[in-house]
Amino acid sequence: MPFLGKDWRSPGWSWTKTEHGWKRLVFFGHELDDNREISLKELCSDNNDNLFVGDVCELATTKRKKDLYNNNTKSQFVFRDKWIYVQKGSTKERHGYCTLGEALNRLDFSSAIQDMRRFNYVAKLFQLIARSQLTSLSGAAQKNYFNILEKIVRKVLEDHYNPRLVKELLQDLSSTLHSLTIHVGRCVLVGNVNIWLCRLETIVKWQQELNNLQIPEQMCTGVSFSDLPLHMQNKILYKLSDACDIINLGQATPTLHDLSENQMLWKKLCHFHFRDKPFCGSLVLTKTENVDWKLMYFTLQKHYPMKEQYGDTLHFCKHCSILFWKDFGHPCTANDPDSCLMPISPQHFIDLFKF
């Protein structure tokens, strides 16, 4: 006799005790009510959706509430677990594989962008998806992608945090969508092409809002950056790893301009980003004073990728094959879980789901 039910190897359902007995919980952002009882009036009505009984009725009700919740909100589903098992093939215990879109839905990027440590990481990841992986996302994942992207834009407009990175993200996304909708055609897009044209118009509107963004001058009654001693200002510049930030800071005052043109500063920047590259290691260690290190930095930048730095990243457990945010943790069975952890860069995240 065939077994019709959930796989016995799965974690099982979650239950809660009520005054009427035990009740199963279903997590789709909210705990959905379990409507099992059908009155005679409902059975005799013209609504064919109510002609289901038992578990079929429960699944139909759950699906309708899930669709209603998905259509009436711009947030992604809130899953109970903030981690995902990265599976690339079928085994006896697990069948199928994990996709990029599934990871995008499960890892709670909506909350991650509210954390300043993770904002740049998520924005860079979305930029890489916009460049090459947009067509690999399912329809639900694409909708979730644009909902989170809207939150990213709104956060920049409200907090004025790193608008340059988001402008680059929108520019890459606009170029990709323009190429897909105009030159390639609708065959590679999930959904109606008019929806994508509407999204393209929304992106143009976001770009206009960011271009018109005016950062108000903050009224500081205490000690400002320019009031610090020169050696302290110089130390702060040495902590910056982005050349554009150094150049922009140098445009603030003549003193900062002189500090930003310091050749030792640009030599340290070359050493930080390119010391592991062939030929560059011996170059940045040279003691000659005839090298224009600022010019050298931008020359090397054309040939080698820069080292990326983020306040917090996703981690991958090599023992469990689970991808997760370190603050949330994951159910690890290793004796020494910390030794199995590996930080995941945005590009590595994309590579994990290439089959």
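Residues numbered from 1 in each chain as written. Predicted model: local features only at pLDDT ≥ 70, side-chain atom pairs only at ≥ 80, totals over all residues. Heavy atoms only, no water.

### A short note on the sheet that holds strand 3 (residues 83-85)
Working definition: the strands of a sheet are paired by backbone hydrogen bonds and lie parallel or antiparallel to each other. Our working rule: Strands were regarded as paired on the criterion that DSSP finds at least two bridges between them. A run of DSSP states H or I qualifies as a helix once it reaches four residues; a run of E qualifies as a strand once it reaches two. Both are numbered from the N-terminal end. For helices, the axis comes from a line fit to the C-alpha atoms of the stretch in contact; other axes are also lines fit to C-alpha atoms, and the angle between any two N-to-C directions lies between 0 and 180 degrees.
With antiparallel pairing, the 4 strands of this open sheet are ordered in space as 3-5-4-6. Looking at which strands have only one partner, the edges of the open sheet turn out to be strand 3 and strand 6 (341-344). Within this sheet the neighbouring strands show an average axis-to-axis angle of 25°, counted without direction. Across 4 bridges, the pairing between strand 4 (residues 314-317) and strand 6 is antiparallel. Residue Phe316 lies in a different strand from strand 6, and its bridge partner there is Met342.

### Quick notes on the packing of aromatic side chains
Any two aromatic rings considered together are summarised by their centre-to-centre distance and by the angle between their planes. Selection rule: Any two of the Phe, Tyr and Trp rings considered here, Trp counted by its six-membered ring, make a pair once their centres fall within 6.5 Å; the pair's planes then place it as stacked at under 30 degrees, edge-to-face at over 60, or tilted in between. Whether a charge sits over a ring comes down to the Lys NZ or Arg CZ being within 6 Å of the ring centre and within 35 degrees of the ring normal.
Taken as a whole, this structure holds 14 aromatic pairs when the rule is applied. Here a set of aromatic residues connected by ring pairs shows up, and it is made of Phe109, Tyr121, Phe126, Tyr145, Phe146, Trp196, Tyr310, Trp325, Phe349 and Phe353. The ring of Trp196 is capped by Arg199, whose NZ or CZ atom sits 4.7 Å from the centre of that ring. In this structure, Lys307 packs its charged tip against the face of Phe272, placed 4.8 Å from the ring centre.

### Focus on the pairing of strand 4
For clarity, the cut-off: Only protein chains enter the accessibility calculation, which uses a 1.4 Å probe; a residue is then buried when its area is under 20% of its type maximum, exposed when over 50%, and partly exposed in between.
Burial along strand 4 is two-sided: the face carrying Leu314 and Phe316 and the face carrying His315 and Cys317 are both buried. Pairing between strand 4 and strand 5 (residues 322-325): 4 bridges, direction antiparallel. Of the residues in strand 5, the one forming a bridge with Leu314 is Trp325. Count of turn residues in the strand 4/strand 5 antiparallel hairpin: 4 residues, of which Ser321 carries a positive phi of about 55°.

### Considering the packing of helix 10 (residues 243-250) against helix 12 (residues 263-274)
Note the following rule: Working rule for angles: under 35 degrees goes down as roughly parallel, over 145 as roughly antiparallel, 65 to 115 as roughly perpendicular, anything else as oblique. For any helix crossing, the convention is left-handed if the near helix is rotated counterclockwise from the far helix by under a right angle, and right-handed if that rotation is clockwise. Residues are treated as being in contact if the distance between any of their heavy atoms lies within 4.5 Å.
The interhelical angle for the contact between helix 10 and helix 12, taken along N-to-C directions, is 160°, at an axis separation of 12 Å. Taken together, the axes of helix 10 and helix 12 lie roughly antiparallel to each other. Taken as a pair, helix 10 and helix 12 cross one another with a handedness that is right-handed. Mapping the contact onto sequence places Ala243, Ile246 and Ile247 in helix 10 and Leu265, Trp266 and Leu269 in helix 12.

### Some details on the pattern of salt bridges
To keep things clear, this is the line we draw: By definition, a salt bridge exists where a carboxyl oxygen of Asp or Glu is found within 4 Å of a side-chain nitrogen of Lys or Arg.
Taken as a whole and judged by the stated rule, the model has 12 salt bridges. For Arg118, the salt bridge goes to Asp115, with nearest N and O atoms at 3.9 Å. Residue Arg118 is classed as buried on the basis of its relative accessible area, which comes to 5%. One salt bridge in this structure joins Arg164 and Asp245, with 3.3 Å as the shortest N-O distance. Remark: Asp245 occurs in helix 10 and Arg164 occurs in helix 7 (residues 163-184); sequence separation between them is 81 residues. Residue classification places Asp245 among the partly exposed residues on the basis of a relative accessible area of 33%. The network of salt bridges with shared partners includes Asp115, Arg117, Arg118, Asp312 and Asp327.

### Some words on helix 8 (residues 193-211)
The criterion, for reference: By this rule the span expected of a helix is its residue count minus one, scaled by 1.5 Å. To obtain the arc, one takes the directions from the helix axis to the C-beta atoms.
Taking 1.5 Å as the rise per residue, helix 8 with 19 residues should run 27 Å; its terminal C-alpha atoms sit 27 Å apart, in good agreement. Listed in full, the buried residues belonging to helix 8 are Val193, Trp196, Arg199, Leu200, Ile203, Trp206, Gln207 and Leu210. Viewed end-on, helix 8 has its buried residues packed into an arc of 120°, placing them on one side of the element. In this structure, helix 8 carries Asn194 and Glu201 as exposed residues pointing more than 90 degrees from its buried face.

### Section: the environment of Ser136
The condition that has to hold: Nitrogen and oxygen atoms within 3.5 Å of one another constitute a polar contact, given that in protein one can donate a hydrogen and the other can accept it, and given that sequence-neighbouring residues count only through two side-chain atoms.
For Ser136, the position within the fold is in the loop between helix 5 (116-133) and helix 6 (139-159). When the C-alpha atoms of Ser136 and Thr99 are compared, they prove to be 8.7 Å apart, with 37 residues separating the residues in sequence. One polar contact links the side chain of Ser136 to the main-chain carbonyl oxygen of Gln133, over a distance of 2.7 Å.

### So, the packing of helix 6 against helix 8
Where we set the bar: Residues are sorted three ways: Asp, Glu, Lys and Arg are charged, Ala, Val, Leu, Ile, Met, Phe, Trp, Tyr, Cys and Pro are nonpolar, and all the rest, Gly among them, are polar.
Contact geometry of helix 6 with helix 8 gives a least axis separation of 11 Å together with a crossing angle of 15°. As the angle between them shows, helix 6 and helix 8 are arranged roughly parallel. Of the two elements, helix 6 crosses helix 8, and the hand of that crossing is left-handed. Together, Gln142, Lys143, Phe146, Leu149, Glu150, Val153, Arg154, Val156 and Leu157 of helix 6 and Trp196, Arg199, Ile203, Trp206, Glu209 and Leu210 of helix 8 make up the contact between the two elements. Of the residues in the contact of helix 6 with helix 8, the class split is 9 nonpolar, 1 polar and 5 charged.

### Here we look at the confidence of the model for the chain
What counts is decided by this rule: What pLDDT reports is the predictor's confidence in each residue, on a scale of 0 through 100.
On average, residues of the chain score 77 in pLDDT, and 71% of them reach the 70 mark or higher. Below pLDDT 50 for its whole length, residues 28-38 participates in 29 contacts with residues either more than four positions away or in separate chains. Predicted confidence for residues 48-57 stays below pLDDT 50, and this span has 15 contacts to residues more than four positions away or in other chains.

### Focus on the state of the cysteines
Put simply, the test is: Defined by distance alone, a disulfide is two cysteine sulfur atoms within 2.5 Å.
Under the definition given, this model contains 0 disulfides. The structure places no disulfide on Cys317, whose sulfur is separated from the nearest cysteine sulfur, that of Cys320, by 3.7 Å.

### Side note on the side chain of Ser260
Following the sequence through the fold, Ser260 ends up in helix 11 (residues 254-260). Separated by 2.8 Å, the side chain of Ser260 and the backbone oxygen of His257 make a polar contact. Discounting chain neighbours no more than four positions away, the residues touching Ser260 are Leu237, Ile246, Gly250, Leu265 and Trp266.

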